[in-house]
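Coordinates in review
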Amino acid sequence: MDTMQPENAILKEGFLVKRGHIVQNWKVRWFVLLPDRLLYYKYDCSRKDSSLRGKVLLLGCQLTCPCLEYENRPLVIKLRTQKSAEYFLEACSREERDTWADSITAVIQNLCPGKAQKTLSEQTPLQMNNISLNQVVDSMHDVHSGIKLTNNVEQGSYFKNCFSGSAMVDWLVSMSFVVTRKEAVTLASALMEESYVKPVGIKSMEAIRNSNMTEQFLDDSTSLYALAESFKRKASVKSGASLSALELSGKVVKRGYLLKQGHKRKNWNVRLFVLRTEPGYLHYYDPSREHVSPVGGFPLRGCLISSLDDNGVPSGVKGKVQGNLFKIITQNDTHYFIQATSREEKMDWIVAIKQLT
């Protein structure tokens, strides 16, 4: 990082979900990273520069990524200040989480060279041949710090007591068995080769056909695995839940925070949008809640999507908006007005959605 950067130079900005200090609820905030501090704003009336809610001075801070203190929020990083205040911040995707972690860590290191805590990916690599698989397996079973087992759905089938490939990688890194995600994939593949871990579902089963053992385990949030002796499967989804299970079983191709206008009150709220294919669906989640189930969504087949002109307020849109709007009309003629935070982001979403309509 250039030490001569202006004090107010913006290094990175975007939505993160922050845990409250007094009331520990989760709220979306607009974060701005500067050369010595992290600012956060309330994104009010779809304007990202409305009101400053707080700042974190980064000198002497320590950053933890991944942070596994919230098992249903795997995309959280923890920032601990010199005065021991803790900030828990959730990103919309694993890539965004790691980018924020690297950017913040770079600022901390620049403020205090040689003394800042590095992200795990930047530390000196461990020797893989010194790792005991039995020790890893024992740690995975630990009641307090072991791998978290959850229930998942893939292509209409329920799987109990399993975990995603990316959750396994996060856990191995957080427990310091490995340093990099690449090493974690190699270690997880070795555990699978020795039958401590087994693939669950179609996606992970297909990966084991790869001739290169180090590539058999997938660092992916939709590939499922289980401890060999704890895996349980329900043969099929009950008919009443089959539609929901099917639409949530597709491959995730894009995730991100966008603003959505409500259908009744016409107010704007930040939502986590998840685009899936096979079948093509667009779901949206309330970031203040754990991402267990979406608060809305619709199939993309037959939908019409269009970019809206930023000059003036388009018909059907209420409130003060910053632009970068687009509209989706579903097959049943429901109109969704969505706002991105930049023109580039808007066009990326339009292109991705059009491929599935």
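Read on for a plain summary of the structure. (Residues numbered from 1 in each chain as written. Predicted model: local features only at pLDDT ≥ 70, side-chain atom pairs only at ≥ 80, totals over all residues. Heavy atoms only, no water.)

What to know about the overall build of the protein chain
A tally of helices and strands in the protein chain yields seven helices and 19 strands. Among the 357 residues that make up the protein chain, the fraction classed as buried is 45%. Restricting to contacts in the protein chain with at least 6 residues of sequence separation, those with at least 24 account for 54%. Element-wise, carbon and sulfur atoms account for 47% of the exposed surface of the protein chain, whose accessible area totals about 18,200 Å². (Helix = DSSP H or I, 4+ residues; strand = E, 2+ residues; numbered from the N terminus. Buried < 20%, exposed > 50% of the residue type's maximum accessible area, 1.4 Å probe, protein only. Contact = heavy atoms within 4.5 Å. Areas by Shrake-Rupley, 256 points an atom, 1.4 Å probe, with all protein chains shown as cover.)

Focus on the sheet that holds strand β17 (residues 304-307)
Strand order in the open sheet formed by seven strands is β16-β15-β14-β13-β19-β18-β17, with antiparallel pairing between adjacent strands. The two strands at the open ends of the sheet, each matched to only one other strand, are β16 (296-299) and β17. Ignoring which end each strand starts from, the neighbouring axes of this sheet average 30° apart. One ladder, built from 10 bridges, connects strand β13 (residues 251-261) with strand β14 (residues 268-277); its direction is antiparallel. Each bridged residue has a counterpart across the sheet, and for Y257 the counterpart in β14 is L272. Relative to β13, helix α7 (residues 343-354) is tilted by about 130°, and along the sheet it contacts β13, β14, β15 (281-285), β17 and β18 (325-329). (Pairing = 2+ DSSP bridges. Axes fitted to C-alpha atoms, helices over the stretch in contact; angles between N-to-C directions.)

Here's the deal with the pattern of salt bridges
Counted according to the given criterion, the structure contains 14 salt bridges. Of the charged contacts in the structure, one is a salt bridge between E96 and K12, with a shortest N-O distance of 3.6 Å. A residue pair is termed long-range when its members are at least 10 positions apart, and E96 in helix α1 (residues 94-111) and K12 in strand β1 (residues 12-19) qualify at 84 residues. The class of E96 is partly exposed, set by a relative accessible area of 28%. (Salt bridge = Lys/Arg side-chain N within 4 Å of Asp/Glu carboxyl O.)

Observations regarding helix α2 (residues 133-140)
Taken residue by residue, α2 has V136, V137, S139 and M140 as its buried positions. Viewed along the axis of α2, the buried residues span an arc of 160°, placing them on a single side of the element. Lining the buried residues of α2 we find β9 (157-164), α3 (165-174), α4 (181-193), β10 (197-200) and β11 (224-227). (Arc of directions from axis to C-beta.)

A look at the nonpolar core
Within the largest apolar cluster, 25 residues are counted, with the highest numbers of intra-cluster contacts made by F15 and Y257. Going through the elements one at a time, β1, β2 (26-33), β3 (37-44), β13 and β14 are the ones with two or more residues in this core. If you count residues domain by domain, this core takes at least three from each of domain 1 (12-111) and domain 3 (246-355). Ignoring sequence-local partners within four residues, the contact set of Y257 consists of F15, L16, V17, E90, A91, C92, V270, R271, L272, P287 and E345. Residues I131, M140, L191 and M192 belong to the second largest nonpolar core, which totals 23 residues. (Core = buried A, V, L, I, M, F, W, Y, C linked by side-chain atoms within 4.5 Å. Domains from an automatic or database assignment.)

Some words on unusual backbone geometry
A cis amide bond, omega 0°, links C65 with the succeeding residue P66. Position of P66 relative to the elements: it lies in the loop between β5 (62-64) and β6 (76-80). The linkage connecting E278 with the following residue, P279, adopts the cis geometry, with an omega of 5°. Structurally, P279 can be placed in the loop between β14 and β15. Not every positive phi belongs to a glycine, and S84 is a case in point at roughly 70°. Among the structural elements, S84 can be located in the loop between β6 and β7 (86-90).

Section: the side chain of E90
Considering the arrangement of structural elements, one finds E90 in strand β7. Among the polar contacts made by the side chain of E90, one reaches the side chain of R73 at a distance of 2.4 Å. (Polar contact = N/O pair within 3.5 Å; in protein donor to acceptor, adjacent residues only side chain to side chain.)

Regarding the pairing of β16
Because side chains alternate across β16, one face comprises the buried residues G296 and F298, and the other comprises G297 and P299, none of which is buried. As paired elements, β15 and β16 share four bridges and run antiparallel to each other. The partner of Y281 across the bridge, within β16, is P299.

Brief notes about the side chain of R29
Topologically, R29 is positioned in strand β2. By relative accessible area, which is 12% here, R29 ends up buried. Ignoring anything within four residues of it in the chain, the contact list for R29 reads G14, F15, L16, Y40, Y41, K42 and R53.

Description of the packing of α3 against α4
One can describe the packing of α3 onto α4 by two numbers: an axis separation of 9 Å at closest approach and a directional angle of 110°. By the criterion of interaxial angle, the relationship of α3 to α4 is roughly perpendicular. Between α3 and α4, the contacting residues are S166, M168, V169, D170, L172 and V173 on the first element and R181, A184, V185, L187, A188 and L191 on the second. Partitioning the contact of α3 with α4 into residue classes produces nine nonpolar, one polar and two charged. (Parallel < 35°, antiparallel > 145°, perpendicular 65-115°, else oblique. Nonpolar A, V, L, I, M, F, W, Y, C, P; charged D, E, K, R; others polar.)

Thoughts on α3
Think of an α-helix as turning once every 3.6 residues; residues three or four places apart then point the same way. Of all 10 residues making up α3, eight are buried, and the element is well covered by its neighbours. Within α3 the residues assigned to the buried category are G165, S166, M168, V169, D170, W171, L172 and V173. As for α3, its buried residues are in contact with α1, α2, β9, α4, β10 and β11. Following α3 by one or two positions, S176 has its phi on the positive side, about 65°.

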